[in-house]
Amino acid sequence: MSLRKSLNLLFMLMLVVAVGCGGGKEVVDEAELGEDDQALQTAAAETVAGSAATPAAATPAVADAATVGGLVKLEGAAPKMPPMQMSADAFCASQHSAPVPDEEVVVGPTGELANVIVYVKNAPASPPPSTPALLDQKGCKYIPHVTAVQVGQTVEIKNSDSTLHNVHAMPAVNSQFNEGQPVQGMVSKKKFDKVELTPFRIKCDVHGWMKSYMAVLPHGYHSVSQMNGQFSIANLPPGNYTLVAWHEKYGQQEQQVTVGPKEQKQVTFTFKG
Amino acid sequence: MKPQEPIPHNYPMRKLNLIFALTSLGLLATTGVMVFYDYVRGWKWFQLEFNRIQEERINAQLATANDAEMRRQLAALDKEMRAGQLEVARQRDEYLEAQKTLEQWEGRHYAADQDYRFAKALLDAKRYEVEAALVQHRGDLKSKQREFDELTNRVNRLNLVLQQVVRDRDAARARVGKFLARITEIEERKKTITAEIDLLNKQLTRVAVASGPNLILNAPMLDFINPTLKIDQVVLNDLFIDMNYMSVPRVDRCQTCHRAIDRPGFESKREAERLLTDLRQKLDKNLVQPSRRAEMEERVAQLERTANAKQDILNPFRTHPKLEMFVGSASPHPLLDYGCTVCHRGQDRATEFGRAGHTPMSKRMELRWKKVKFPLFPGNWDYAQRNWGYQVNPFLDTPMYPRQYSEAGCVKCHAGQVDVEGGERINKALHMVEMYGCHACHKINNWRFTDLQKPGPALDGIAEKTTPEWTYRWIAMPQRFRSTTRMPAFFYQRNMVGPAVPAAERAQNIKYQDAEIHSIVTYLFAKSTRRPWPAPSAAGNPVRGKELVDSIGCTGCHIAQDTVKDEKSGAVRVARRDDFPLERHFGFNLTGTGTKTNPNWVFNWVKNPKAYDPYAPMPSLRLSDQEAADITSYLMSLQKPQFLQQPIRPPDRQAVRELAKGYMIGTMTDADAETRLATMSLNAQLEFLGQRSIEKYGCYSCHDIRGFEGLKPIGTELTTEGSKNMHLFDFGFFGDATHTHDYRHEDGTKEHVLHTVPSWIYNKVRSPRVYDDRRTKPYNDKLKMPNFYLSPEEARMVTTVVLGLTKERVAEAKMAARTPQQRAAEEGRKLISQRNCRGCHVVNRQGRAIASLIADPNFLPPDLTPQGERTQSPWLFNFLKDPTVMKIRPWMQVRMPTFMFSDQEAALLVQGFAAEGNEPQFDTQRFHTPPQQNVVIGRIVYDMLRCQQCHSVAPVDPSNPPIPNVADAQSLAPNLSFSKIRLRHDWTADWIRRPDEHIPGTRMPTNFPRDAATGGFQSPLALAMDSPQFAAQKAALLPYFKDEAALKKTMGDAVALTNYLRDYIWSVGIDRMRNAGTPEAPSPMPLPQQQQPVAPRPATLETRLQ
Amino acid sequence: MTFIKNFVNVLSIASISFIFLSAVFFMVCYFNLMNGRLKDKTGIAFTVFGVICLIAGIWVTPLLYLGVAYLLVMWGLAKLGGRLWDGKVGKWMLIVGVIGFGLSLLDPNFYSIAAKPDNVPIAAMIFLLGIFTWIALKKAYYNDQAILAGGIPYEKTESDEKLFTWPDLVYTELLCMIGLTVVMIVWSVGLRAPLEEAANPTTSPNPAKAPWYFLGLQEMLVYFDPWLAGVVLPTLIIVGLMAIPYIDTNPKGNGYYSFRERKWEVGVFLYGFLVLWSFLIITGTFLRGPNWSFYGPYEYWDPNKLEPLVNIDLSELFWVKMLAMPLPKLWLIREAPGLILVLLYLGLAPALAKGPFRRFYLKMGAARYYVGAYLFLTMLSLPIKMVLRWLFNLKYLVHIQEIFLNI
């Protein structure tokens, strides 16, 4: 077409256009990012990890809540745990008449497995409880050995020994700390504000044998199996859930559960020895 | 007279008039078009679009701000207001009266004021006249003087009058004000409430796209007044752009379209999330001073808004992705000082997409950019589809760096530095270039190191180390022996045996290549020394050897594996270089050592590397004969038998002849060459050819080889490669002419050649011979650059560096690391990088490649980040010279090697560390002896905090302290008696106060945790004082304090406590240490090496020719 | 399609196209203006030339192409004869031309060159030149016919009528002015003025081309020493143009178009203007690519294309090639052959004056004759030099570095 014609047409276009200069859409930018180099990609990955940390919103308490309880068992022979080498610190040694076996695996007479964290993976987030979680250091051991706390929940770490303990928490997502507790009975209060499902280690550099594990969950639907292997998660709104059980030696397992209103569900986890 | 008969017109007038009318209209129209084209510019559409975005945001904010609560308040105020007005209305008459008087007074004041000012003006004029008359000795001086005085009086009079009037007027005002007092007060309150909204509205008026005033301001022909759409620019007077004839200051107009580049709040979602996590962590660790906390939280809220916005912001409207690093006013590169083009390049003054020199990252991107929504029409781009009607600008010498190479911009200012803070990628890239030895073949002027060692080992003694058979196979294809090797492959590349090469030629090439390899091997072994190395003096135990290698720190520089577990698939696959940190490639990969060498050589090498080669980069780990023997037996057990299975074709006599002749006829006639060759044995021919081949392939650039001393490196000089024009690059048959852009890379991936310099370089380093594809060249003219088998990411890194090497010179004021202190630091860093300290240590929060291999973090080599603040220079100097002078953590298995630093090197390192730590070279306070009472108090605090549980204070002989029971080494910490001679006085106290902030993750517990609210220190002893368990200490302490309160106060004061502790430690510290002895154990045999001059021998041409 | 493209590509090689065009020029003069016949002597001569080309084509393919094209055109022109100036024929030629051009635009390589903003005017020029030359010659032809028939030229018939300056002249001029302005504006807006970045002395564009109106000169530089092509010849061109009215004393054809009455004047001018100037401009614009090497209109401008540099001087040709002896040291002797040739060439003028051009000499008188003759010779030296280059790769006839004289 002749230039003159096309220019006349342009006037129309210009009018049309001036009205509708629209904003951008997501699509193509993604495509573009597809071409970005690894650097950008990894950056993305990091932020995904980070974004898991956005604080959770509170969920209303439900009327016809269900309870999931159950048992964790260890199949096969329970491993023989070596005693803790407490000789380095006279005080610790003095605290125990008999040598204390390592607490990595604690099994009941019929294979009930203790110190297993059981939590609901896909439960709604709930506000942190006002009651603090307690982690005591007594006789140069952590009590309890395994803890599950909630995002924003206060954790009180106590030193009941009259020796120096230092609480060296090594979380991956939350910020780590390492505090000395020279004074008997002194308590340091901590908060974790990011979800950390795979439990991290808490150790004492003074006493190499001391270690404890702690998981930070977005909600209150979790429990740690007792000496009798029992655990129970109460006040769970009806629905389909994935239960996760984690043990420091035997790794983790998952189970699907469906709970109706006011139901008492029994679940059993079995770890292979 | 008779009328003249009418003369007919040539054309009918009506027709002409019609044409006239039409053409004039046409002219009008076209003029319109002209104006329109001149008016509609691409960038205006961008600004409009951005305004639209802002408008949306502001409206949203308005909606939230203008909530019910506020409306209620306003309503209430309105009610009051009405009440107030009624009030006034009630005393209407008085009010009106007052109003009237006020008006009168206003009038009078106006008049009086004017009189006064005019009179004053006259007076000033008169003053001049008087002065003039005075200087010019004019007769009328007297009269002038008189008039002047009169005027002066008048002015004073009028001034008095004015003052009167002002007073009365103010009185009147006050009277009126009394009536309105309430109303005005209410109005004030209203203002304060609506302040935010008013502000937003003000902004809105500026950005509103369709608002009346803006339409007028931006109307064509009127937009000279004060348009809202206008070009933004930064003028950079000390950053020049080279216009070839002259260098002119940069004027960056990028902001014209990149509106929000320096405005936080327009990040992409991903970016926003990244920043959020960073910021949140800072807030958690309360690393932000309380004063700035509020603003930080403000920012967090903003970022959350951006991250959760339903629509992601697209370029060009995004905030700069690293605002804390670039462009931001608080960043080290503020926009007003550095602009954009100095880093990104591109045409600074251009305001059109293509003209500005935007460069696509990929073909896809380019095609997308090239599309245009409306042909022949400037602007209104398709933001969603990223169509900008892009045309490549062939005349621009400095197109922008494509996004994946942005860091190239750092090089021209930071190349002199070793660590660019926040530039991890460019740091790695620069280091990579040195590790892989690009600098060895390619001359690079003003590179950060002038004294870089050759990246490859010396080959003077190759015969002592290995066999010709191994060497042949190695040269043929190094990657087949060690997949992670830095040695590139010279032979059997795509331009010799690739699929594109015709079969006949390929066969011939293979013959030639075989011949060349044979010849090189022959030459090397002919020229090699053959020193008889003694056999290991003890029987070795491979198991123990492996333990040693894994534990004493060899793995900081050496990899000992050639397969890895893939992160993604989890399958075991052949290892690639970038599976390991760069530092661990410093030494060669240990796998296959047994196949490669012989026990005697290994034994003597590990015992004393310098004995084999005085320039060997490998330090001494002070191995005992037994240890050396163990390690030897372990290394010899690392076999790769299948490698030696590969067949070796015997050299083809014909090929050797031809090649050798090819070199000879350079200097003699064909016939002479023939006769000469006839006299030479095959071996002689091979040796001759070998010399020439080594010259051809430049082996000597990376390896020390007899007979090639002091030759120039063979590669293209890269000093200004980044600003070389595109037409100087040979794209071979890639390009539009042949419509070929893709090729298949050796590793099977498809690669793409864009017709841009970055793409050329990328593909060159990725597959160095690719530009020979389908070309018919004589054998010796084919491309020779060897193949490093760089992964795409590695290739990108190298490309980034090469692109950064430009001829642009930056004003000294803008260069990085200029202060003496920074320079000193850099000198230190250079040594740190050259000696690969990062293999084992963390320096400036980077490094410690060895970490992954040592299970217990407590047995890792120390973090040197705070070394400068931490240690005293004399001690450090001594320790570097000879690490055995003091064993601080004797239970450690990792050994600090003896580098045999020269005094000067050690001094440089020490200065460097001091500079890094902002510390003076020497710490005078170490000599201060603490007052006795401090020591006593310190002592008590010391055991109240139970320090002795880990730290011993028993003075010991520094050079060999008793090795404690390593079983419970967990609870061990350095002996404090070393502190006085080793640590800096002030740092010691500070360290005790907050160890975790000096070295994150240290074993030293934090005894004085920070208070989350105030950020101040808390002391555990504050409360302890009352507890019975400390009764004794309390009793002991009290005498030193005025009263119990004072005691408690001190016990709560972290600073005081830590100072006491420090003083105590100082009191127990030892004062002397052994001097650094001559470090090296005498080498196992008298070495011929010793007699040889270690300085590089001069090149002797004639020896090379005959 | 590709065959036609190749055909055109070959045909537009500088030498071929030049010969072809010159030939066509002469043929038009002969067959269509002078009513020549294929049968008669000259006609046969023309045919013979074509046949020779064909035969030579057996060894040199381009010549084959040339021969074919040449014979076809010759046959066509001869058949048309005077009807070439018939309006319908003209219209058809134009249409065919436009269609050909349009079709060529479909070829990416052709398009990339022809649609380049700076080249558009040249493309237009081809057509304008064609059209106006055709019109002029048409008028000339009919006038000639009329005169032959004993009548008077058309212009004479209307020359005694009268018209008003206004409106017949000024008004129409005004209209043209407006029209032109419109065209100009639309043009300049339509294809944006091709402005470029600041020049970089170290990287000159490839090909580096003169402004279009100097491309003829630049093309001459290929065949002549810069000093000649850049200084002497241009000066002579201007001088020559100025001199024309004084040299050309032929009273015929004043105020009306005619060919027969001023064969030489019109012929020489048209040849100089069309073939030696406009054609060179067009070549320089469309057919000269990177490294100033030659590209057919449908060829891709590949910067890697190389042309062998095998041009030699006459001295080398004579001494080394023919006598197989080294070049004499003394330049006078060395360049003797060239100098002699040049002198002979210059001697042509007097020689011709005695011989075939005797009547010009008598008619014009010595001064006029020699000025004209030498201008003519200089003009002719260009095609001669070109042909020599193509036939013998001749660089210079005379090549004296010692005094920077190259001819």
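From a predicted model like this one, the values you see are computed outputs, not experimental measurements.

Conventions we followed
- Residues numbered from 1 in each chain as written.
- Chains lettered and ligands numbered in written order.
- Predicted model: local features only at pLDDT ≥ 70, side-chain atom pairs only at ≥ 80, totals over all residues.
- Heavy atoms only, no water.
- Contact = heavy atoms within 4.5 Å.
- Buried area = accessible area lost by both parts, 1.4 Å probe.
- Polar contact = N/O pair within 3.5 Å; in protein donor to acceptor, adjacent residues only side chain to side chain.
- Nonpolar A, V, L, I, M, F, W, Y, C, P; charged D, E, K, R; others polar.
- Pairing = 2+ DSSP bridges.
- Helix = DSSP H or I, 4+ residues; strand = E, 2+ residues; numbered from the N terminus.
- Salt bridge = Lys/Arg side-chain N within 4 Å of Asp/Glu carboxyl O.
- Buried < 20%, exposed > 50% of the residue type's maximum accessible area, 1.4 Å probe, protein only.
- pLDDT = per-residue confidence, 0-100.

A.B. asks: Teacher, can you tell me more about the interface of chain C and chain B here?
C.D. replies: Often the size quoted for an interface is simply the accessible area lost on bringing the parts together. Contacts between chain C and chain B engage 28 residues on the former and 34 residues on the latter. Roughly 2700 Å² of surface becomes buried between chain C and chain B when both sides are summed, with 68% attributable to carbon and sulfur atoms. At the boundary of chain C with chain B, the tally comes to 1 residue pair in polar contact (both at pLDDT 80 or more). Across the side of chain C that touches chain B, the residue classes tally to 16 nonpolar, 6 polar and 6 charged.

A.B. asks: Help me out: how do you make sense of the pairing of strand S10 (residues 196–203) of chain A in this one?
C.D. replies: Each regular strand displays side chains that alternate between the two surfaces of the sheet. Residues and elements named next belong to chain A. Where strand S7 (residues 165–170) and S10 come together, 3 bridges link them in antiparallel fashion. Bridging from a neighbouring strand, His168 pairs with Lys203 of S10. Sheet analysis places S10 next to strand S11 (residues 211–217), joined by 5 bridges and oriented antiparallel. Paired with Phe200 across the bridge in S11 is Met214.

A.B. asks: Looking at this structure, how should I read the pattern of salt bridges?
C.D. replies: Side chains carrying opposite charge are able to pair once their charged atoms draw close together. Residues and elements named next belong to chain B. In total, this model carries 97 salt bridges over all chains according to the counting rule given. Between Arg494 and Glu746 there is a salt bridge, and its shortest N-O distance comes to 3.7 Å. Residue Arg494 is found in helix H18 (residues 494–497), and its partner Glu746 is found in the loop between strand S7 (742–744) and strand S8 (750–752); the two are separated by 252 residues along the sequence. Residue Arg494 is classed as buried on the basis of its relative accessible area of 13%. Of the charged contacts in the structure, one is a salt bridge between Lys607 and Asp625, with a shortest N-O distance of 3.1 Å. Here Asp625 lies in helix H24 (residues 625–637) and Lys607 lies in helix H22 (residues 599–607), a separation of 18 residues in the sequence. Given the relative accessible area of 36%, Asp625 is considered partly exposed. Residues participating in the shared-partner salt-bridge network are Asp419, Glu421, Glu826, Arg829, Arg838 and Glu916.

A.B. asks: Any chance you could explain the confidence of the model for chain C here in plain terms?
C.D. replies: The predicted coordinates of low-pLDDT regions are not to be read in fine detail. All names here are of chain C. Summarising the model, chain C shows a mean pLDDT of 89, and 100% of its residues fall at 70 or more. For chain C, helix H8 (residues 154–158) is the element with the lowest average pLDDT, namely 83, and helix H5 (residues 87–105) is the one with the highest, namely 94. The ipTM assigned to the predicted complex is 0.72, against a pTM of 0.82.

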